[in-house]
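Now for the letters of each chain:
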Amino acid sequence: MSAVRDLVSPGRCVGCRLVGALLCRACAAALRPAPAGGPQDGVDRIVAAWSYEGAARDLVLALKLRGLRGAASPLSAAMCARGREAGTLARVVTWVPGRARDVRRRGFDHAEALARGVAAGLGLPARRLLARTGAARLDQTTLDAPGRRANLSGAFVARACAAPVLLVDDVVTTGATAASCAWALKSAGAPRVEALVACRA
Ligand SMILES: [Zn+2]
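Residues numbered from 1 in each chain as written. Predicted model: local features only at pLDDT ≥ 70, side-chain atom pairs only at ≥ 80, totals over all residues. Heavy atoms only, no water.

Undergrad: So what's going on with the packing of helix α3 (residues 54-64) against helix α4 (residues 72-86)? Residues and values would help.
TA: Here α3 crosses α4 at 125 degrees, and the two axes come no closer than 9 Å. In terms of axis orientation, α3 runs oblique to α4. Where α3 crosses over α4, the handedness of that crossing is left-handed. Here α3 contributes Ala56, Leu59, Val60 and Leu63 to the contact with α4, which in turn contributes Ala72, Pro74 and Leu75. For the contact of α3 with α4, a count of residues per class yields 7 nonpolar, no polar and no charged. (Axes fitted to C-alpha atoms, helices over the stretch in contact; angles between N-to-C directions. Helix = DSSP H or I, 4+ residues; strand = E, 2+ residues; numbered from the N terminus. Parallel < 35°, antiparallel > 145°, perpendicular 65-115°, else oblique. Left-handed = near helix turned anticlockwise from the far one by under 90°. Contact = heavy atoms within 4.5 Å. Nonpolar A, V, L, I, M, F, W, Y, C, P; charged D, E, K, R; others polar.)

Okay, structure coming up:
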């Protein structure tokens, strides 16, 4: 956290501290695109802009931990570019809602900030479709993949939705959170759920 605070300031590149944009051209060019993933646990497709490393990771941490809202712009721009390249059948954009405590501390929901940028870029509406139920009981980091899925099922509820959904989040690791959201969305009527994330860890 303190390392992030030291490294990131609004007028400098998160990668090399060059004065100017949050992500300079050289650091952007050095980022590694993440491979697209196939269907997984109810998520029809997972598309990620970048691998979770280097300046891409710095941008996510600046957005999520430091609450630097401007970091959402280069991330959502990259997500849009990757999303357009991959093509999407989605007609509405939503996001994995943050934990209430984190959203209060940060002042905004970081995944919502990404989703609104993605929706604007792709010309789709952004809708708050998901809420947390608080049902996840265990620390996810202590569990293996099946355990994470079981722990998270029922962790989200969704509003009724008849359109294919593009689910936005910052980082996908095992895909368990996306799977839990997809389960809720499909239970609420969504015929298809694609995930578009900034980074794949
Ligand atoms: Zn740079």
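Undergrad: Lay out the coordination of the zinc ion in plain terms, naming residues and giving numbers.
TA: Looking at the zinc ion, one finds its protein donor set to be Cys13 (SG), Cys16 (SG), Cys24 (SG) and Cys27 (SG), positioned 2.3 to 2.4 Å from the metal centre. Each donor residue of the zinc ion belongs to the same chain, with the gaps between them written as C-x2-C-x7-C-x2-C. Placement of Cys16 in the loop between α1 (2-7) and α2 (25-30) and of Cys27 in helix α2 is noted, with a sequence separation of 11 residues between them. Cys16 sits in the partly exposed class, given a relative accessible area of 43%. Residue classification places Cys27 among the buried positions, given a relative accessible area of 15%. (Donors = N, O, S within 2.8 Å, 3.2 Å for Na, K, Ca; no water. Buried < 20%, exposed > 50% of the residue type's maximum accessible area, 1.4 Å probe, protein only.)

Undergrad: I'd like a description of empty space enclosed by the protein, backed by residues and values.
TA: Rolling a probe over the atoms, with the probe sized like a water molecule, indicates the empty space that remains. Under the defined criterion, the tally for this structure stands at 1 cavity of 30 Å³ or more. Computed from the structure, the largest cavity encloses a volume of approximately 50 Å³. As for the largest cavity, its lining consists of Arg45, Val47, Gly83, Ala86, Gly87, Thr88, Leu166, Glu194, Ala195 and Leu196. Of all the secondary structure elements, the ones that give two or more residues to the lining of the largest cavity are β1 (45-51), α4 and β6 (193-200). A total of 3 residues in the lining of the largest cavity trace back to one element, the largest contributor, which is β6. When grouped by side-chain class, the residues that make up the lining of the largest cavity number 5 nonpolar, 3 polar and 2 charged. (1 Å grid on protein atoms, 1.4 Å probe; cavity = no way out; pocket = protein on both sides within 12 Å on 5 of 7 lines; lining within 4 Å. Points joined across faces, edges and corners; volume = space filled by probe spheres on them.)

Undergrad: Got a sec to walk through the pairing of β6? Specific residues and values, please.
TA: Remember that side chains alternate between the two faces of the sheet whenever the strand is regular. Burial of β6 is extensive: 7 of the 8 residues sit out of reach of the surface. In the sheet, β1 pairs with β6 via 6 bridges, with the strands oriented parallel. Across the sheet, residue Ile46 finds its bridge partner in β6, namely Ala195. With 7 bridges joining them, strand β5 (residues 165-172) and β6 adopt parallel strand pairing. Each bridged residue has a counterpart across the sheet, and for Val172 the counterpart in β6 is Arg200. This β-α-β element, β5 to helix α8 (residues 176-187) to β6, shows right-handed connectivity. (Pairing = 2+ DSSP bridges. Right-handed = clockwise from strand over helix to strand, strands pointing away.)

Undergrad: Tell me about the side chain of Arg106, and please be specific about residues and values.
TA: Of note, Arg106 is situated in helix α5 (residues 100-106). For the buried residue Arg106, which engages in no salt bridge, the nearest side chain bearing the opposite charge is Asp102, 4.9 Å off. In this structure the side chain of Arg106 is engaged in a polar contact, spanning 3.1 Å, whose partner is the backbone oxygen of Phe108. Once you skip the residues sitting within four places of it in the chain, Arg106 turns out to touch Leu63, Lys64 and Gly67. (Lys, Arg positive; Asp, Glu negative; His and termini not counted. Salt bridge = Lys/Arg side-chain N within 4 Å of Asp/Glu carboxyl O. Polar contact = N/O pair within 3.5 Å; in protein donor to acceptor, adjacent residues only side chain to side chain.)

Spatial relationships are all this shows, so hold off on functional conclusions.
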